[in-house]
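Read off the chains here:
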Amino acid sequence: DGNKSTFGDTSVLTTVPNPDDVSAFGAVRSSDGAMTLMVVNKDITNASPFNATITNFNSTGIAQRWQLTSTSVITALTNLPVTNGIVSDTVPSQSITLYVLPGLLPFSLQKQAGSSPPGQVNLQLNGQSGLTYIVQSSTDLVHWTPYSTNKLVSNSVPFTVSTTGGGAKFYRGMFAP
């Protein structure tokens, strides 16, 4: 890609129906959390449809693509949508296509520095701009109820919660796919 990016360094189980015609290799990059998927079409005459079902991986909903064909030139292609965890494409004959699914940045819910007003605590949800997160509350760490849903317009959102009403209250943040 011209940016000295690399294939992932943590292998991901990747299977295909007929590896004699089309092979696939997957890995996750620890440097940025992106999933990399390499698809090799070995057929010398036919393009092959390709559907990858992505499980146990949260992505931002697009797959970036680069392709090496029989012309020996690497070309950046337009991004593909990832719909319901599936990447669908057709790879040309004698080609290698790299798909990069950007991972989600880690998020956190933390108490803001400084003092809070009496009977309240100031929290901050840190995540990735444009994505939706749910803050949940619990009194027993077993049963959780939604407290607020936040689509971040920046990488963090502050909010205040009440500490009145007796008993301990716990809060956690979750990514909302």
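See the structure shown above.
Conventions we followed
Residues numbered from 1 in each chain as written. Predicted model: local features only at pLDDT ≥ 70, side-chain atom pairs only at ≥ 80, totals over all residues. Heavy atoms only, no water. Helix = DSSP H or I, 4+ residues; strand = E, 2+ residues; numbered from the N terminus. Rg over C-alpha atoms; globule rule 2.2 N^0.38 Å. Buried < 20%, exposed > 50% of the residue type's maximum accessible area, 1.4 Å probe, protein only. Areas by Shrake-Rupley, 256 points an atom, 1.4 Å probe, with all protein chains shown as cover. Lys, Arg positive; Asp, Glu negative; His and termini not counted. Charge placed at Lys NZ, Arg CZ, Asp CG, Glu CD. Pairing = 2+ DSSP bridges. Axes fitted to C-alpha atoms, helices over the stretch in contact; angles between N-to-C directions.

A few words on the overall build of the chain. In terms of helices and strands, the chain carries 0 helices and 14 strands. Against the globule reference of 16 Å for 177 residues, the chain gives a C-alpha radius of gyration of 22 Å, more extended than a compact globule. Principal-axis analysis of the C-alpha atoms gives the chain an extent of 70 × 30 × 25 Å. Looking at the chain residue by residue over its 177 residues, the buried ones come to 33%. For the chain, the exposed area adds up to about 10,500 Å²; of that, 55% sits on carbon and sulfur atoms. Of note, the chain has its 8 positive side-chain charges centred 16 Å away from the centre of its 8 negative side-chain charges.

A separate point is the sheet that holds strand 11 (residues 132-138). Taken together, 3 strands build an open sheet; the order of strands is 12-11-14 and the sheet is antiparallel. Each having just a single partner strand, strand 12 (145-151) and strand 14 (170-175) make up the two edges of the open sheet. On average, each strand axis in the sheet is inclined to that of its neighbour by 25 degrees, with strand direction left out of account. Where strand 11 meets strand 14, 6 bridges bridge the pair, whose relative direction is antiparallel. Looking at strand 14, one finds that Gln136 is bridged to Arg172.

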